[in-house]
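Working through the structure, step by step
Residues per chain are reported as follows:
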Amino acid sequence: MLMLSGMYIHIPFCLNKCNYCDFLSFKSTEEEREKYVTALINEINLYPKFPLETVYFGGGTPSLLTPEQVSRILNNLNIKNNAEITLEVNPKTVTLEKFKLFKKAGINRVSIGIQSFNNELLKTLGRLHSSSEGEEAFYFARKAGFDNISLDLMFSLPNQTLKDLKSDLNHLFSLRPEHFSIYSLIWEEGTDFFSKLEAGIYKETDNDLEASMYELIIDEAQKNGYIHYEISNFCLPEKRAIHNTKYWKNEEYLGIGIGASGYYQDVRYKNVLKIPEYYAKISDNIKPVLEEEFVDSDEKEIYEYILGLRIIPDGIIPKGKYIDLCNNLVDEGFLIKNNFRYILSKKGILMANDVFSKFI
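The following paragraphs examine the structure supplied in this document. (Residues numbered from 1 in each chain as written. Predicted model: local features only at pLDDT ≥ 70, side-chain atom pairs only at ≥ 80, totals over all residues. Heavy atoms only, no water.)

A look at the pattern of salt bridges
Taken as a whole, this structure holds 14 salt bridges when the rule is applied. Of the charged contacts in the structure, one is a salt bridge between Lys 123 and Glu 120, with a shortest N-O distance of 3.7 Å. Here Lys 123 pairs with Glu 120, and both are found in helix H4 (residues 119-125), just three residues apart, close to one helical turn. Both residues of the pair, Lys 123 and Glu 120, count as exposed. The residue Glu 220 makes a salt bridge to Lys 166 at a minimum N-O spacing of 4.0 Å. Of this pair, Glu 220 sits in helix H8 (residues 207-223) while Lys 166 sits in helix H6 (residues 162-175), and the two are 54 residues apart along the sequence. Overall, the relative accessible area of 30% leaves Lys 166 in the partly exposed class. Overlapping salt bridges, with partners in common, bring together Glu 53, Lys 80, Lys 246 and Glu 251 in one network. (Salt bridge = Lys/Arg side-chain N within 4 Å of Asp/Glu carboxyl O. Helix = DSSP H or I, 4+ residues; strand = E, 2+ residues; numbered from the N terminus. Buried < 20%, exposed > 50% of the residue type's maximum accessible area, 1.4 Å probe, protein only.)

Some words on helix H1 (residues 30-44)
Side chains that are three or four residues apart share a direction in an α-helix, a result of its 3.6 residues per turn. Taking 1.5 Å per residue as the helical rise, H1 with its 15 residues ought to reach 21 Å, and the 21 Å between its terminal C-alpha atoms agrees with that figure. When we look at burial in H1, the residues that qualify are Arg 33, Tyr 36, Val 37, Ala 39, Leu 40, Ile 41, Glu 43 and Ile 44. Those residues of H1 hidden inside the fold are in contact with strand E1 (6-11), helix H2 (67-74), strand E9 (254-256), strand E11 (267-271) and helix H10 (275-283). (Expected span 1.5 Å × (residues − 1). Contact = heavy atoms within 4.5 Å.)

Quick notes on unusual backbone geometry
Gly 60 follows Gly 59 through a cis peptide bond whose omega is 20°. When you line up the elements, Gly 60 lands in the loop between strand E2 (51-59) and H2. With a phi angle near 60°, Asn 339 is a residue other than glycine that sits in the positive phi range. Residue placement: Asn 339 occurs in the loop between strand E13 (335-338) and strand E14 (341-344). A relative accessible area of 64% places Asn 339 in the exposed class.

Concerning the sheet that holds strand E10 (residues 261-264)
With antiparallel pairing, three strands are arranged side by side in an open sheet as E10-E11-E12. Two strands close off the open sheet at either side, each with one partner strand: E10 and strand E12 (289-294). Between one strand axis and the next, the sheet turns by 20° as a mean value, whatever way the strands run. The pairing of E10 with E11 spans four bridges and is classified as antiparallel. If you follow Gly 262 over to E11, its bridge partner there is Tyr 269. (Pairing = 2+ DSSP bridges. Axes fitted to C-alpha atoms, helices over the stretch in contact; angles between N-to-C directions.)

So, the sheet that holds strand E3 (residues 78-89)
Within a sheet, neighbouring strands are paired by backbone hydrogen bonds and run either parallel or antiparallel to one another. Read from one edge of the open sheet, nine strands run E7-E8-E6-E5-E4-E3-E2-E1-E9, paired in mixed fashion. The two strands at the open ends of the sheet, each matched to only one other strand, are strand E7 (227-230) and E9. Pairwise comparison of adjacent strand axes, ignoring direction, gives a mean angle of 20° for this sheet. Across six bridges, the pairing between E1 and E2 is parallel. Of the residues in E2, the one forming a bridge with His 10 is Gly 58. Strand contacts of H1: E1 and E9, with the helix running at about 155° to E1, the strand carrying the most contacts.

Some thoughts on the side chain of Glu 252
Tracing the backbone through its elements, the reader meets Glu 252 in the loop between helix H9 (242-248) and E9. Of the polar contacts made by the side chain of Glu 252, one reaches the backbone nitrogen of Asp 266; its length is 2.7 Å. (Polar contact = N/O pair within 3.5 Å; in protein donor to acceptor, adjacent residues only side chain to side chain.)

Points about the packing of H2 against helix H3 (residues 96-105)
Between H2 and H3, the shortest axis-to-axis distance is 9 Å and the interhelical angle comes to 10°. Relative to H3, the element H2 is oriented roughly parallel. For the pair H2 and H3, the crossing hand works out as right-handed. Listed contacts from H3 to Pro 67, Val 70, Ser 71 and Leu 74 of H2 are Lys 98, Leu 101, Phe 102 and Ala 105. Tallied by class, residues from the contact of H2 with H3 come to six nonpolar, one polar and one charged. (Parallel < 35°, antiparallel > 145°, perpendicular 65-115°, else oblique. Left-handed = near helix turned anticlockwise from the far one by under 90°. Nonpolar A, V, L, I, M, F, W, Y, C, P; charged D, E, K, R; others polar.)

Below, the structure is given as structure tokens:
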């Protein structure tokens, strides 16, 4: 059995709530952030000191923390040499000097939330940064010495055209980050976007247009030397996101912080969602877990197939009854068989959720 070697740390603070976002995030003061960092460290100390290969600060906006706070958190961990330590960054919260200090604190990979290089679309999304500020954040990270930078983009946005998307991709490839993630918009209940959808102000992107957008992303990425290694993720050679790959390989990891999810000792768990409750549990030296689900061997196998297929070049090696299922999916054109491995075909990638549902 693989020993747990990854940790996700949730930082729930943001400058503002983006119009599409339903993540657990809210505004904060410096005092609130300091109190939260102390609680995080106390939660970390409720678990064994596993030797970690990856640490991922997600949010929210982790770059709202000071480099000193990040350093303090990392100093309470048992981190292996050459570990991947990622910090998600909002362009509006960083300077060249802050990037240098994050690097000094131990961060060696940054994921910058660009979302789009189109100023009109950024306004629609409710992002506070401009296209030029997003680009500037990238150059600050480079100048600070980061050689492993990921950029986040979105597509299938309200009124976005193929031409808009092509422009975003051209801008992205001119920067040549080591990695990028690109996600289609999900209309989440409770968001500003969902309210406008219900009111008829926005409408969902036509399915054929969304499929064309996704195909354009895949084709342009490959032309520019990027490997499509996961449904929504692309990288230059040897630059996969090591932490996220642990999720797709169904490996265990600790989730720390309010609302964080983890997978530990065959149990998938989620932490409490209300910050007073989080603080109360931590002050009582109790793990702040809200819900737990034991994963038995059958469920684990299903997870391994569904998550494993997401890693496009690797695919899965099925056993037992799943061999026939995979062969049927080959006949239907959703999978390709390569020796004993089965990987998603282009048709399978475009209809991935339909393929995954076959295993449930």
